[in-house]
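# Observations on the three-dimensional arrangement
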Amino acid sequence: MTNIREAMPLLARHEGVWDGVYSYFNDQNEKTDEHRSRLICRFPDDGPYPYHQTNHYLWDDGRTEIREFPAEYRDGRVWWDNDLIQGWAAEVPLDEFNRTVMLYWQRTGDPSLYLYEMIQLADSGVDRCRTWHWIRNGVLETRTAIQEKLVTRDWRSLEGQTG
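Here we summarise the structure given alongside this text. All values derive from a computational prediction rather than experimental measurement.

### Quick word on the side chain of Thr54
- Looking at the element boundaries, Thr54 is found in strand 3 (residues 51–58).
- A distance of 2.7 Å separates the side chain of Thr54 from the side chain of Glu68, its partner in a polar contact.
- Not counting residues within four places of it along the chain, the set of residues in contact with Thr54 comprises Arg38, Leu39, Ile40, Arg42, Ile66, Arg67 and Glu68.

### Description of the sheet that holds strand 3
- Read around the closed barrel, ten strands run 1-2-3-4-5-6-7-8-9-10, paired in antiparallel fashion. Averaged over all pairs of adjacent strands, the angle between their axes in this sheet comes to 25°, without regard to strand direction.
- Pairing analysis gives nine bridges linking strand 8 (residues 113–121) to strand 9 (residues 127–136), with the strands arranged antiparallel. The partner of Ile119 across the bridge, within strand 9, is Arg130.

### A look at the nonpolar core
- In this structure, Ile4, Tyr22, Tyr51, Val78, Trp80, Leu103 and Trp132 are the most contacted members of the largest nonpolar core, which totals 32 residues.
- With four residues, strand 8 is the largest single contributor of residues to this core.
- Once residues within four sequence positions are removed from consideration, Tyr51 is found in contact with Ile4, Cys41, Arg42, Phe43, Pro44, Phe69, Pro70, Ala71, Val78 and Trp80.

### Quick look at the pattern of salt bridges
- Inspection of the entire model under this criterion finds 15 salt bridges.
- Measuring nitrogen to oxygen at the nearest pair gives 2.4 Å for the salt bridge that ties Glu65 to Arg67.
- Using a relative accessible area of 28% as the deciding quantity, one classes Glu65 as partly exposed.
- Through salt bridges with shared partners, one network takes in Glu117, Arg128, Arg130 and Glu148.

### Section: the pairing of strand 4 (residues 64–74)
- Pairing of strand 3 with strand 4, which is carried by eight bridges, proceeds in the antiparallel orientation. Bridged to Thr54 within strand 4 is Glu68.
- Hairpin connection between strand 3 and strand 4: a loop of five residues separates the two successive antiparallel strands, and Gly62 in this loop has a positive phi of roughly 100°.
- As judged from the three bridges shared by strand 4 and strand 5 (residues 77–81), these two strands associate in the antiparallel manner. Residue pairing in the sheet places Glu72 in a bridge with Trp79 of strand 5.

### Remarks on the packing of aromatic side chains
- On inspection of all chains with the given rule, the structure shows 15 aromatic pairs.
- Note on Trp105 and Trp134: the rings are 6.3 Å apart at their centroids and 65° apart in plane angle, and the pair reads as edge-to-face. With Trp105 in strand 7 (residues 100–107) and Trp134 in strand 9, this pair connects stretches of sequence that are 29 residues apart. We note that Trp105, like Trp134, is buried.
- Centre to centre, the rings of Tyr114 and Tyr116 are 6.0 Å apart; their planes meet at 90°, and the pair counts as edge-to-face.
- Judged by its relative accessible area of 24%, Tyr114 is partly exposed.
- Of the aromatic side chains, those joined through ring pairs into one cluster are Tyr22, Tyr24, Tyr57, Trp59, Trp105, Trp132 and Trp134.
- Its guanidinium or amino end placed over the ring of Trp155, Arg42 lies 5.9 Å from that ring's centre, counting from NZ or CZ.
- Against the face of Trp88 rests Arg77, its NZ or CZ located 4.3 Å from the ring centre.

The rules behind these values
Residues numbered from 1 in each chain as written. Predicted model: local features only at pLDDT ≥ 70, side-chain atom pairs only at ≥ 80, totals over all residues. Heavy atoms only, no water. Helix = DSSP H or I, 4+ residues; strand = E, 2+ residues; numbered from the N terminus. Polar contact = N/O pair within 3.5 Å; in protein donor to acceptor, adjacent residues only side chain to side chain. Contact = heavy atoms within 4.5 Å. Pairing = 2+ DSSP bridges. Axes fitted to C-alpha atoms, helices over the stretch in contact; angles between N-to-C directions. Core = buried A, V, L, I, M, F, W, Y, C linked by side-chain atoms within 4.5 Å. Buried < 20%, exposed > 50% of the residue type's maximum accessible area, 1.4 Å probe, protein only. Salt bridge = Lys/Arg side-chain N within 4 Å of Asp/Glu carboxyl O. Phe/Tyr/Trp six-rings, centres within 6.5 Å; stacked < 30°, edge-to-face > 60°. Lys NZ or Arg CZ within 6 Å of the ring centre and 35° of its normal.

Right, dumping it as structure tokens:
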């Protein structure tokens, strides 16, 4: 079995707890939503999945949502296939600075909608930004801009807290 941390060292640098803000914009560049987040990115020592991400979303009006993203590793990529998304994440070898991870995913059950995500990790490993492009039938529908800061690499100590 391939060690995911060795095969994807850039992704391994994302391990930990990240707090941030998601801002959503429509195709006219109008903000349509915004919420805070806490993401727990982990590489469990055992279990069925070598990568597992839990996203906690918190809106100012009190709404909350938690989404689980367990993933497999094969062929140099992390793969998701669950009730919400199907897709993959891969490091970008053309980035000689080793800062970029790309994702492609499709909403389960909605083949007309797919997303590309780019994640940029700062050289410090403390800041990262992400951009999603939501494309429906080949046309940009939504963009999501995400800014995050690392809270701790020790996700085990904060797991389950939403901050």
